[in-house]
Amino acid sequence: MTSRIGEPIRNMVIVGGGTAGWMTAAAMARMASTELSVTLIESEEIGTVGVGEATIPPLMDFNGLLGIDENEFVRETQATFKLGIEFVNWGREGDRYIHPFGVYGKNVHGVKFHNVWLRDRQLAGQPVEPDQIGDYCLSVVAARGGRFMRPTTSDPNAVLSSLRYAFHFDAGLYARYLRKYADQGGIKRVEGRIEHVDQDGETGFITGVKLSDGRTISGDFFVDCSGFRSMLLGDKLGVPFRSWQHWLPCDRAFAVPCAGTANPTPYTRATAGTAGWRWRIPLQHRIGNGHVFSSAHIDEERAVSELLDGLDGPPTAEPRLLRFTAGRRERSWEKNCVAIGLSGGFLEPLESTSIHLIQSGIFKLMGLFPDQGFDQVEIDKYNSFLTEEYDRIRDFIILHYYATERTDSDFWNDCRTMNIPDTLAEKIAIWSGKARVFREPLDLFTEDSWIAVLLGQRIVPQSYDPLVRGFDIDESKRFLTSTRDIIGKTAHAMPTHEQFLARHCRAQPIDARPVNATAPV
Ligand code: FAD
């Protein structure tokens, strides 16, 4: 076959119109040249998973790419702001800590702040309790007080510049918002159910998809956003799925909304139960709730009743069951098909990483956008980026289950005693000595994120960075006190989350039920 390097892609087909499909379509609407025709196919009859409401700060880069006005976006999606995640009952029953998006204190002569703090605790003979270090993080103190404002950008030394945030939004409204954006950007939408995928007999490349009404949509590049079905990458091209269920046993979730509250918390809550955990995501018009659980450890009836018992108010729809397996496809890109979203892999929503993985897949695709040559070296690069990113997030999520002292159920006993990946074991070992934590290349989570969960779940290191011994003890104490005071005062001066929403981005009241409560897979 002659090389087709340099010949541009003419027809790109996005299969699926969930969050992954519409995010990809919106990005293409912004970035694609006029020579490229982009078609998205979706089936209302099949529907979307319709969950995915908590995000992390990099989403702002995606909004930035699209040139979205943030206040309009918040109003249109009934969004609220998120400063982190509160974990309840994870290390021990009764424990509570916040994994914030911001940073702890300020580093001293290149030594990370937590070392100074740990020495102070040790010298004072004080135990290290989950969330104590949170007093030195503006995002934590603001979250505890229900306060929010955007960070200042004018003075990088101001404490307020350290605030980072993300959003909680209505997944259905988000897809609708992106669809409008993509429509305006010239993306064609086709409604129909795909029944067959055509392949070139010689190369195995996908050439088109056949709909149930007989139409064929042809293309030279396909993005598989078909959700858990993975119609193109998994079913047709046969890229195997690597299951991580032995590390992440949760394989089901019930999701249910309930009425909202007057001052929505500016954080997600993840409360550990007997065989999984419950999420609570406050939006402007309702609260999204769910129970992620291991079907090997709890039956569905009990799982749903644990969920309903923990709601803030009466449910406003029937609980919906979703089934999944944690893991990823061995490769995200094969031949002329790249999988974005659930078709490429799934990690449970404990750290709200799925939408980020969609965005990351899109950005990397933009960086390695193919031509008709489909250069294998570039495809391999894409796959190695995605693999590394997935694996690092996987380790971080496993940490939450493994770092527990809970002995009250088989589920926690199994999690506490499991064999963890070597990469995570090494991370914990390095931390456990001198409180060292290093961010691996392509690790989404910063050192501060690891510190939050390690300390929050009671993995207290034996010692701290030896360089701290060179710091004057009294001066360190004064530094810690003034850091805590400034953070406390700054948080206190911030408006409440509710006041901020009312002032800048109050959404119109709408029906509190999810807009796309479609059948789960
Ligand atoms: P889907 O939403 O399933 O969309 C698939 C699309 O493909 C649909 O449009 C469907 O109609 C179409 N399709 C499928 N088959 C065909 C066919 N034969 N013909 C035509 N069209 C077809 N992520 C977060 O970031 N934060 C969270 O808080 C979060 N919470 C979650 C909670 C749970 C319980 C689960 C399961 C996931 C959660 N996620 C979360 C993940 C998030 O929901 C997904 O990453 C996101 O919705 C993307 O889904 P998708 O677009 O890949 O798939």
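Residues numbered from 1 in each chain as written. Predicted model: local features only at pLDDT ≥ 70, side-chain atom pairs only at ≥ 80, totals over all residues. Heavy atoms only, no water.

Draft legend 1. Highlighting the pattern of salt bridges. Scanning the entire structure with this criterion turns up 38 salt bridges. Residue E129 pairs with R458 through a salt bridge whose shortest N-O separation is 3.3 Å. One end of the pair, E129, is in the loop between α4 (113–123) and α5 (138–144); the other, R458, is in the loop between α13 (447–456) and α14 (473–493), with 329 residues separating them in the sequence. On the basis of relative accessible area, E129 is assigned to the partly exposed category, the value being 31%. Linking R436 and D465 is a salt bridge whose minimum nitrogen-to-oxygen distance equals 3.5 Å. (Salt bridge = Lys/Arg side-chain N within 4 Å of Asp/Glu carboxyl O. Helix = DSSP H or I, 4+ residues; strand = E, 2+ residues; numbered from the N terminus. Buried < 20%, exposed > 50% of the residue type's maximum accessible area, 1.4 Å probe, protein only.)

Draft legend 2. Representation of the sheet that holds strand β9 (residues 206–211). The sheet built from three strands is open, its strands ordered β8-β9-β10 with antiparallel pairing. Both edges of this open sheet fall to β8 (194–199) and β10 (216–218), since each of them pairs with a single strand only. If you compare each strand with its neighbour and ignore which way they point, the axes differ by 20 degrees on average. As defined by bridge partners, β9 adjoins β10 across three bridges and the pair is classed as antiparallel. From the neighbouring strand, G208 faces β10, where its bridge partner is S218. (Pairing = 2+ DSSP bridges. Axes fitted to C-alpha atoms, helices over the stretch in contact; angles between N-to-C directions.)

Draft legend 3. The arrangement of the site of the ligand in detail. Around the ligand, the surrounding shell holds 33 residues, and the nearest of these are G17, V51, A54, I194 and I355. Between the ligand and S43 there is a distance of 3.0 Å, counted from an oxygen atom to a backbone nitrogen or oxygen. A distance of 3.4 Å separates an oxygen atom of the ligand from a polar backbone atom of E53. Surface burial for the ligand is 98%, taken as the share of its 1,000 Å² of free accessible area covered by protein chains. (Near = heavy atom within 4 Å. Polar contact = N/O pair within 3.5 Å; in protein donor to acceptor, adjacent residues only side chain to side chain. Areas by Shrake-Rupley, 256 points an atom, 1.4 Å probe, with all protein chains shown as cover.)

Draft legend 4. How the structure looks around empty space enclosed by the protein. Counted under the stated rule, the structure contains three cavities of 30 Å³ or more. Here the largest cavity is characterised by a volume of approximately 110 Å³. Considering the residues around the largest cavity, the lining is formed by 15 residues, among which G341, G345, L357, I358 and Y390 are closest to the centre. Of all the secondary structure elements, the ones that give two or more residues to the lining of the largest cavity are β21 (345–346), α9 (354–367) and α10 (376–402). Take the lining of the largest cavity: its biggest share by element is four residues, from α9. Residues belonging to the lining of the largest cavity are distributed by class as follows: nine nonpolar, six polar and no charged. (1 Å grid on protein atoms, 1.4 Å probe; cavity = no way out; pocket = protein on both sides within 12 Å on 5 of 7 lines; lining within 4 Å. Points joined across faces, edges and corners; volume = space filled by probe spheres on them. Nonpolar A, V, L, I, M, F, W, Y, C, P; charged D, E, K, R; others polar.)

Draft legend 5. Broad picture of the pairing of strand β11 (residues 221–224). Where burial is concerned, the two faces of β11 agree: the one with F221 and V223 and the one with F222 and D224 are both buried. As paired elements, strand β1 (residues 11–15) and β11 share four bridges and run parallel to each other. Looking across to β11, one finds that I14 is bridged to V223. Inspection of the sheet shows β11 paired to strand β20 (residues 337–339) by three bridges, in the parallel sense. Bridged to V223 within β20 is V338.

Draft legend 6. Region of interest: helix α8 (residues 300–309). All of the buried residues in α8 are A303, V304, E306 and L307. On an axial view of α8, the arc spanned by its buried residues comes to 155 degrees, and they lie on one face. For α8, exposure combined with an orientation more than 90 degrees from the buried face picks out E301 and D309. (Arc of directions from axis to C-beta.)

Draft legend 7. View of the sheet that holds β21. Overall, antiparallel pairing links the three strands, which are arranged β12-β18-β21 in an open sheet. Only two strands of the sheet have a single neighbouring strand rather than two, namely β12 (241–243) and β21. In the sheet, β12 pairs with strand β18 (residues 327–329) via three bridges, with the strands oriented antiparallel. For R242, the partnering residue across the bridge sits in β18 and is R328. Strands β18 and β21 of the sheet are contacted by α10, whose axis makes an angle of about 175 degrees with β18. (Contact = heavy atoms within 4.5 Å.)

Draft legend 8. Molecular detail of the packing of helix α12 (residues 422–434) against α13. Where α12 meets α13, the closest approach of the two axes is 12 Å, and the angle between their N-to-C directions is 75 degrees. The angle between α12 and α13 falls in the class roughly perpendicular. Each of L424, K427 and W431 in α12 lies in contact with α13, whose residues at this interface are W450, I451, L454 and L455. Residue composition of the contact of α12 with α13, grouped by class: six nonpolar, no polar and one charged. (Parallel < 35°, antiparallel > 145°, perpendicular 65-115°, else oblique.)

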